[in-house]
Amino acid sequence: MKRISLTQHLVEEQRLHNTIPAELRLLIEVVARACKTISHAVGKGELGDVMGSAGSENVQGEVQKKLDVISNEILLLANEWGGHLAAIASEEMEAIYPIPNRYPMGEYLLLFDPLDGSSNIDVNVTIGTIFSVLKAPEGMKNPTEKDFLQPGSKQVAAGYAIYGPQTMLVFTTGNGVQGFTLDREMGSWIMTERDMHIPDDTSEFSINASNARHWYPPVKRYVDELLAGQTGPRGKDFNMRWIASMVADLHRILTRGGIFMYPADAREPDKPGKLRLMYEANPMAFVIEQAGGAATDGKQRIMDIQPDKLHQRVAVFIGSKNEVERVTQYHNT
Ligand code: P6P
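Residues numbered from 1 in each chain as written. Predicted model: local features only at pLDDT ≥ 70, side-chain atom pairs only at ≥ 80, totals over all residues. Heavy atoms only, no water.

- Per an unreviewed UniProt entry, the recorded name for the protein is Fructose-1,6-bisphosphatase class 1, and the organism is Keguizhuia sedimenti.
- If you open the UniProt record of the protein and go to Subcellular location (unreviewed entry), you find "Cytoplasm".
- Regarding the protein, the relevant UniProt record gives this comment under Catalytic activity (unreviewed entry): "beta-D-fructose 1,6-bisphosphate + H2O = beta-D-fructose 6-phosphate + phosphate". (UniProt positions renumbered as here; feature names shortened; annotations may be inferred.)

**Brief notes about the site of the ligand**
Phase 1: Taken together, 13 residues lie around the ligand, and D116, N208, W242, M246 and Y262 are the ones closest in.
Phase 2: One of the side-chain N or O atoms of W242 is found 3.0 Å from an oxygen atom in the ligand.
Phase 3: The side chain of Y262 places a nitrogen or oxygen atom 2.6 Å from an oxygen atom of the ligand.
Phase 4: Notes on the ligand: free accessible area 400 Å², of which the protein chains cover 84%.
Phase 5: Put simply, the parts of the chain that give the shell around the ligand at least two residues each are β13 (259-262) and β14 (275-276).
Phase 6: Residue composition of the shell around the ligand, by class: 6 nonpolar, 3 polar and 4 charged. (Near = heavy atom within 4 Å. Polar contact = N/O pair within 3.5 Å; in protein donor to acceptor, adjacent residues only side chain to side chain. Areas by Shrake-Rupley, 256 points an atom, 1.4 Å probe, with all protein chains shown as cover. Helix = DSSP H or I, 4+ residues; strand = E, 2+ residues; numbered from the N terminus. Nonpolar A, V, L, I, M, F, W, Y, C, P; charged D, E, K, R; others polar.)

**Examining the packing of helix α6 (residues 246-256) against helix α7 (residues 277-290)**
Phase 1: Taken N-terminus to C-terminus, the directions of α6 and α7 make an angle of 10°; their axes are 11 Å apart at the nearest point. When the axes of α6 and α7 are compared, the pair comes out roughly parallel. The handedness of the crossing between α6 and α7 is right-handed. Of the residues in α7, those in contact with M246, V247, L250 and L254 of α6 are E280, A281, M284, V287 and I288.
Phase 2: Across the contact of α6 with α7, the residue classes break down as 8 nonpolar, no polar and 1 charged. (Axes fitted to C-alpha atoms, helices over the stretch in contact; angles between N-to-C directions. Parallel < 35°, antiparallel > 145°, perpendicular 65-115°, else oblique. Left-handed = near helix turned anticlockwise from the far one by under 90°. Contact = heavy atoms within 4.5 Å.)

**A short note on the side chain of R252**
Phase 1: Mapped onto the elements, R252 comes out in helix α6.
Phase 2: Exposure remark for R252: the relative accessible area of 11% places this residue in the buried category.
Phase 3: R252 has contacts with E204, S206, R241, I243 and G257, leaving out every residue within four places of it along the chain. (Buried < 20%, exposed > 50% of the residue type's maximum accessible area, 1.4 Å probe, protein only.)

**What about the sheet that holds strand β12 (residues 239-240)?**
The strands making up a sheet are joined through hydrogen bonds of the backbone, oriented either antiparallel or parallel.
Phase 1: In spatial order, the strands read β12-β11-β13-β17-β15; together these 5 strands make up an open sheet with mixed pairing. Two strands in the sheet have a free side with no partner beyond their single neighbour: β12 and β15 (294-296).
Phase 2: Pairing between strand β11 (residues 204-206) and β13: 2 bridges, direction parallel. For F205, the partnering residue across the bridge sits in β13 and is I259.
Phase 3: The strands touched by α7 within the sheet are β15 and β17 (316-319), with β17 carrying the most contacts at an inclination of about 25°. (Pairing = 2+ DSSP bridges.)

Next up, the structure:
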């Protein structure tokens, strides 16, 4: 494949599809630059005194790691002055962050989970940044949380950075999914995956099996069939992976197929699941669907869900189309 930079790709996409106006192009480049900085901070580990907890809790009541807070700051400071955004929302902040008056206000809303999988930070396992971009409503003057409450189908761009053996940026603007690898010597993002595609079928599934006794019947039935392998109705053996880092599990699934599940379960009957709709499930669903996969909450397409709260949670079944369709069907029989 001809090695092109992120900038060249974005310029060519704009010329080809006219779907990446200058401000959106700037937004993606700024987010990509912030992810480079996060990758550098993550890579320093103890040498950068960035490990361990920050001694605070986020809106989810989860203990914040120092790198959660640092990554959030990096993304805020990188994006607030560019004139491409009206406001920002983050897993690490209760309220939305309107662009300060000292800067021009743009037409996009940016949402992110600055560092997903942070329980893996202190044990040196792959983590990532997830981002989602929406258009600000026409005529909006003072951004409020309500302006963010748009279904995932309204996203104009979404993707993630994955901080693993390589640092990669994977995103879509609605015309397929492209992958870029960070060239650390040059400090540039170089395209290494064009038009990524998920196989419709798979023999690999991802779920936290320690919750099995809490699963509701449709999930129990589906996973039991996978575990039965050749001896059961599926007639083939399945493998299991669970990294406890959604970005890492989904990057593997995007690369070689699979199904990732974080269902609602009886531990918290009033909660639809653990993962957040606006800045985890929606952006990953946009990427996975653009690569030919599927994403539902067990009942409906994730990107059709009309949000009513910024930090609302959702059950997630996402990955190879035929497996997502099967487990969704079990929820509807
Ligand atoms: P559990 C990380 O905290 C996260 O939000 C996802 O990245 C990951 O898939 C999931 O939670 C892991 O959850 O319950 O297995 O620790």
